[in-house]
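Here is how the chains run, residue by residue.
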Amino acid sequence: MRFSKWQGCGNDFVLVDCFKENVSDFAAFAKKVCDRHYGIGGDGVLYVLPSDKADFRMRIFNTDGSEAEMCGNGIRCFARYLHDFGLTEKEEFTVETGAGILVPRLQIEAGKVTGVRVDMGEPVLEGEKIPVTGFGMNRVIEEDIEVKGKTYKMTCVSMGNPHCVIFVEDAEAFPIYELGASFESHPAFPRKTNTEFVEVRDRQHVRMRVWERGAAVTLACGTGSCATGVAGVLTGRTDRKVEVELDGGKLTVEWDEATNHVFMTGPAELVFTGEIDG
Ligand SMILES: N[C@H](CCC[C@H](N)C(=O)O)C(=O)O
């Protein structure tokens, strides 16, 4: 079975083109190939599929085999695959995802793809829809969450997948390895959560580290960066356009006031192609 390996800000993915390859169990395949010792290695698997609602359909599975509604770094890699491997001549196209129909646009300068800008759609802020329990349909902004005996202030946002944004003094020093799993599986989150630990440098720049649902600490999270941008505005900490500095690179996030859509711009690079026994 052929695959291609991609990364966006160091968040890395195995991509399988299901127009050409047949995978019988998406979850089991993801668990197997994401292993960095016994498999290809990756934070998840992106499956390229036909769609009757959009140009293409993307499904994303985490390293633990769980399926996520959406993946921001992943959809940029997905878009580059479609363009670079000749599945479309378009530079902007529609992708059916668990977060709805999203629109990546390739950024091309002098014939070279320099990045991808994605219309990530509207953030979801009503508690029950994120989902986070205990707040009904109210927004969850700077609310208390207790983890391992300490109380933190959380701001929750869904970009199709759930995010719990915690603003901290020093993102580098925050103990994400000790606390990440407890946030991920906190009882307040019926479908678990991705958790972003964010240090505000100024109104246009933040430093963010992430413990992802189903993948633990990753070098970057695209949907998490979007959730961070939205939370920054909701809590009055940042402007509507911010640069998010992650462990693996930088993303630009803009929460457009007129459309209420979140736009994310960043890199997507092919690492290698290969074959693996199916
Ligand atoms: N772990 C996430 C999916 C991948 C999201 C992340 N890699 C991104 O770039 O948005 C979840 O279960 O919701």
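Just so it is clear, the model here is predicted, and its values are computed rather than measured.

## Concerning the overall build of the protein chain
Thinking step 1. When helices and strands are counted, the protein chain shows four helices and 18 strands.
Thinking step 2. Taken against the 2.2 N^0.38 rule, which gives 19 Å for 278 residues, the C-alpha radius of gyration of the protein chain at 18 Å falls within 12% of a compact globule.
Thinking step 3. When its C-alpha atoms are laid out on the principal axes, the protein chain stretches across 50 × 40 × 35 Å.
Thinking step 4. Of the contacts formed within the protein chain by residues at least 6 apart in sequence, a portion of 60% connects residues at least 24 apart.
Thinking step 5. Accessible surface, the protein chain: about 11,600 Å² in total, of which carbon and sulfur atoms supply 46%.
Thinking step 6. Counting 31 positive and 44 negative side-chain charges, the protein chain places the centres of these two groups 1 Å from one another.

## A short note on the site of the ligand
Thinking step 1. Neighbouring residues of the ligand: 14 residues in total, closest Gly72, Glu212, Arg213, Gly222 and Thr223.
Thinking step 2. Within the contact set of the ligand, a nitrogen atom lies 2.8 Å away from a side-chain nitrogen or oxygen of Asn11.
Thinking step 3. Between the ligand and the protein, one listed contact pairs an oxygen atom with a side-chain N or O atom of Thr223 at 2.6 Å.
Thinking step 4. Taken by itself the ligand offers 360 Å² of open surface, and the protein chains cover 99% of this.
Thinking step 5. Structurally, the ligand is housed in the largest cavity.
Thinking step 6. Sorting the residues of the shell around the ligand by element identifies α2 (72-84) and α4 (222-234) as the ones contributing at least two each.
Thinking step 7. Residue composition of the shell around the ligand, grouped by class: four nonpolar, eight polar and two charged.
Thinking step 8. Here the shell around the ligand spans two domains, and each of domain 1 (2-119 + 266-275) and domain 2 (127-260) adds at least three residues to it.

Here is what the cut-offs are and how they apply
Residues numbered from 1 in each chain as written. Predicted model: local features only at pLDDT ≥ 70, side-chain atom pairs only at ≥ 80, totals over all residues. Heavy atoms only, no water. Helix = DSSP H or I, 4+ residues; strand = E, 2+ residues; numbered from the N terminus. Rg over C-alpha atoms; globule rule 2.2 N^0.38 Å. Contact = heavy atoms within 4.5 Å. Areas by Shrake-Rupley, 256 points an atom, 1.4 Å probe, with all protein chains shown as cover. Lys, Arg positive; Asp, Glu negative; His and termini not counted. Charge placed at Lys NZ, Arg CZ, Asp CG, Glu CD. Near = heavy atom within 4 Å. Polar contact = N/O pair within 3.5 Å; in protein donor to acceptor, adjacent residues only side chain to side chain. 1 Å grid on protein atoms, 1.4 Å probe; cavity = no way out; pocket = protein on both sides within 12 Å on 5 of 7 lines; lining within 4 Å. Sits in = over half its atoms within 2 Å of the grid points. Nonpolar A, V, L, I, M, F, W, Y, C, P; charged D, E, K, R; others polar. Domains from an automatic or database assignment.

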